[in-house]
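# Architecture and fold: a report
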Amino acid sequence: MTRINVEEKLFQNRYKVDAGRPHIQIKDGDVCRSQCKTQQCTVCCPAGCYTAEGNGAVTLITDGCLECGTCRVICTEHRNVEWEYPRGGFGILFKFG
Amino acid sequence: MREKFDAIVVGAGPAGNAAAYTMASAGMSVLQIERGETPGSKNVQGAILYADALERIIPDFRDEAPLERYLIEQRFWMLSDDAYVGSTYRSEAFNRPPYNRYTIVRAQFDKWFSKKVQEAGGLVICETTVRELMFDGDRVAGVRTDREGGAIYADLVVLADGVNSTLAVKAGFHPELKPKDVALAVKETLFLAPEVIEQRFNLKGEEGVAIEMGGNITQGMVGTGFLYTNRETLTIGVGCLLSDFAQQKIPPYVLLEQMKTHPAIRPLLEGTELKEYVAHLIPEGGYNAIPKLYGNGWMIVGDSAGLVNSVHREGSNLAMTSGRLAGETVIELRAAGKALNTANLALYKRKMDESFVMKDLKKYRRLPDVLHKNPQFFTAYPELLNGAMHQIVSVDGTDKKSKEREVRRSFGQRRGLFGLMGDAFKLWRAFE
């Protein structure tokens, strides 16, 4: 099967990125690396914002975030996601919604 | 100077707009705060509008609201890997005004609804995120926003900030959502010329079709898919319990992309062009997951309160109705000179209990648990039904009695006699 590239889908969306002020942060990278075995955020995030690096670390880039809240809810065991809505006016701007 | 309003509404979706419109129309000073660039720019839905709930708020909405197509046909499909069994209900009764259900584009619809709030005298400020509620003792006294000097006061705050309702969670009104109580849905909006949509779906003018789907498209997860016709776009989406996504380890966009290749779906999407890709959480915990709906100086409405009837794919109508009832509660209490405290705001809960909102949610209170524990309804049965249809429809020289025996055998083998009886009982209990 051909590889599905979420970036191609996100490319159609409109964003106003709050540069340098991500609205979601991983609280402690060590928790992802050493304590979290499932790293569900890297599978469940519908925008593919979370990447499982080969070395066990998880990296987060929020630019394509759809603000659904999945990562906030899925990280139940470790509560390692600091999740706020973007500043007013920033983030995803749905044309259709 | 300390700014103070009769009410602050956080969020400009269907619930918040219904509440703000109802209160502003009664002459209250209402401030509505929306984090998006415009109302609707953060909001996601399938989206089907149920006319009745809006009609009770704005009776002549059909004259001016941006509506896509009115639905004259509803299809239900159960899909196996390469087939589907379906039923279709199409009626001329749905082809006579006033129409009952419409497809809508939320970015446009919510903007219109917000304009009505403003026409009714409500003050709407956008591009402003509410960070937390402010308390005076145990009474909610206002909100703090991300604007400079962002404290704003009111006699009442209506929480309509959506499924994530971080405000309610921070204030302790609402426990954190659990992965088994929310569905994650992803959706694409696809452009297709109106005349092609009409030919492809057997429609004329502004007629529309909704297709709801279950079965192998969710790859063993509890969930459903849909395909709706807008005026010049199609929306296709799929949603499954978040706990199932985590367990099955399927990225949601992969699930959607694979669903789009199903032989029953792919031809309907031919020649379309992707315009937008969205994701949204849907509260699916049902009746047992509904938090307390009111307290001293506050009420909670819509998705923020988990008001979704997942069986019937209804949410926006529950949202609008809860918003309206919250507004009407305040109007009544103010007219009687009563304080907006916990004891008096209990009237909102009583109104909700008397409405279809709580009655329907209560009726299906067992269902989320049953579906969660019995994925066979989404896996084994669609396959068995498709297999049975194949036996019945195909003519291959086998006598009919043998075919019937084969169908019975397939059901018995897959679920067992007691399994079949148990499944029937579980469903009956869940829907009774």
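Provided above is the structure to which this section pertains.
A brief look at the structure comes next. (Residues numbered from 1 in each chain as written. Chains lettered and ligands numbered in written order. Predicted model: local features only at pLDDT ≥ 70, side-chain atom pairs only at ≥ 80, totals over all residues. Heavy atoms only, no water.)

What follows deals with the overall build of chain B. Helices and strands together make up the secondary structure of chain B, namely 15 helices and 19 strands. When its C-alpha atoms are laid out on the principal axes, chain B stretches across 85 × 50 × 40 Å. Long-range pairs, those at least 24 residues apart, make up 72% of the contacts in chain B with a sequence separation of at least 6. Element-wise, carbon and sulfur atoms account for 52% of the exposed surface of chain B, whose accessible area totals about 17,700 Å². (Helix = DSSP H or I, 4+ residues; strand = E, 2+ residues; numbered from the N terminus. Contact = heavy atoms within 4.5 Å. Areas by Shrake-Rupley, 256 points an atom, 1.4 Å probe, with all protein chains shown as cover.)

As a further point, take the pattern of salt bridges. The full count for this structure, using the stated rule, is 38 salt bridges over all chains. Among the ionic pairs, K260(B) bridges to E188(B), the shortest N-O distance being 2.6 Å. Of this pair, K260(B) sits in helix α7 (residues 252–260) while E188(B) is found in strand β13 (residues 182–191), placing the two residues 72 residues apart along the sequence. The two residues K260(B) and E188(B) agree in class, both being buried. A salt bridge links D423(B) to K426(B), with the nearest nitrogen and oxygen atoms 3.8 Å apart. Taken as a pair, D423(B) and K426(B) lie in helix α15 (residues 417–431) at a separation of three residues, close to a single helical turn. A residue is classified by how much of its surface remains accessible, and D423(B), at 2% relative accessible area, is buried. Assessed through its relative accessible area of 30%, K426(B) is described here as partly exposed. One network of salt bridges, with partners in common, ties together K9(A), E188(B), E257(B) and K260(B). (Salt bridge = Lys/Arg side-chain N within 4 Å of Asp/Glu carboxyl O. Buried < 20%, exposed > 50% of the residue type's maximum accessible area, 1.4 Å probe, protein only.)

With that settled, the discussion passes to a nonpolar patch on the surface. On the surface, M389(B), I392(B) and V393(B) cluster together to form a nonpolar patch covering roughly 290 Å² of accessible area. Tracing the backbone shows I392(B) in helix α13 (residues 380–393). (Patch = residues over 30% accessible without salt bridge, like charges linked within 9 Å, V, L, I, M, F, W, Y side chains within 5 Å.)

To continue, consider the sheet that holds strand β10 (residues 139–145) of chain B. The strand order across the open sheet built from four strands is β1-β11-β10-β9 (chain B), with neighbouring strands paired in mixed fashion. Taken across any chain shown, the strands that pair with only one partner, and hence form the sheet edges, are β1 (4–5) and β9 (130–136) of chain B. (Pairing = 2+ DSSP bridges.)

Turning next to the pairing of strand β17 (residues 273–283) of chain B. Residues and elements named next belong to chain B. Most of β17 is tucked away, with eight of its 11 residues classed as buried. Across 10 bridges, β13 lies against β17 in antiparallel orientation. Residue V186 lies in a different strand from β17, and its bridge partner there is A279.

This paragraph deals with the interface of chain B and chain A. Listed per partner, the contact involves 51 residues of chain B and 41 residues of chain A. Around 4,000 Å² of area is buried between chain B and chain A when both sides are counted, 56% of it from carbon and sulfur atoms. Broken down residue by residue, the surface that chain B buries against chain A is led by Y253(B), E276(B) and Y277(B), which jointly contribute 16%. Across the contact surface, chain B and chain A share nine salt bridges. Salt-bridge contacts for K9(A) lead to E188(B); the nearest nitrogen and oxygen are separated by 2.4 Å. If you look at where chain B meets chain A, you find 27 residue pairs in polar contact (both at pLDDT 80 or more). Elements with a minimum of two residues in the side of chain B that touches chain A: α3 (106–119), α4 (166–171), β13, α6 (242–248), α7 and β17 of chain B. Ranked by the residues each element gives to the side of chain B that touches chain A, the list is headed by β17(B), at eight residues. (Buried area = accessible area lost by both parts, 1.4 Å probe. Polar contact = N/O pair within 3.5 Å; in protein donor to acceptor, adjacent residues only side chain to side chain.)

We now examine the side chain of S91(B). Residue position: S91(B) is located in the loop between β6 (84–90) and β7 (101–103). From its side chain, S91(B) meets the backbone nitrogen of A93(B) in a polar contact 2.9 Å long.

With that out of the way, let us pick up the environment of P252(B). As for its position among the elements, P252(B) is in helix α7. Counting along the chain gives 158 residues from P252(B) to S410(B), while the straight-line C-alpha distance between them is 31 Å. For P252(B), the residues in contact, after removing those within four places along its chain, are V43(A), C44(A), C45(A), P46(A), L184(B), V186(B) and F245(B).

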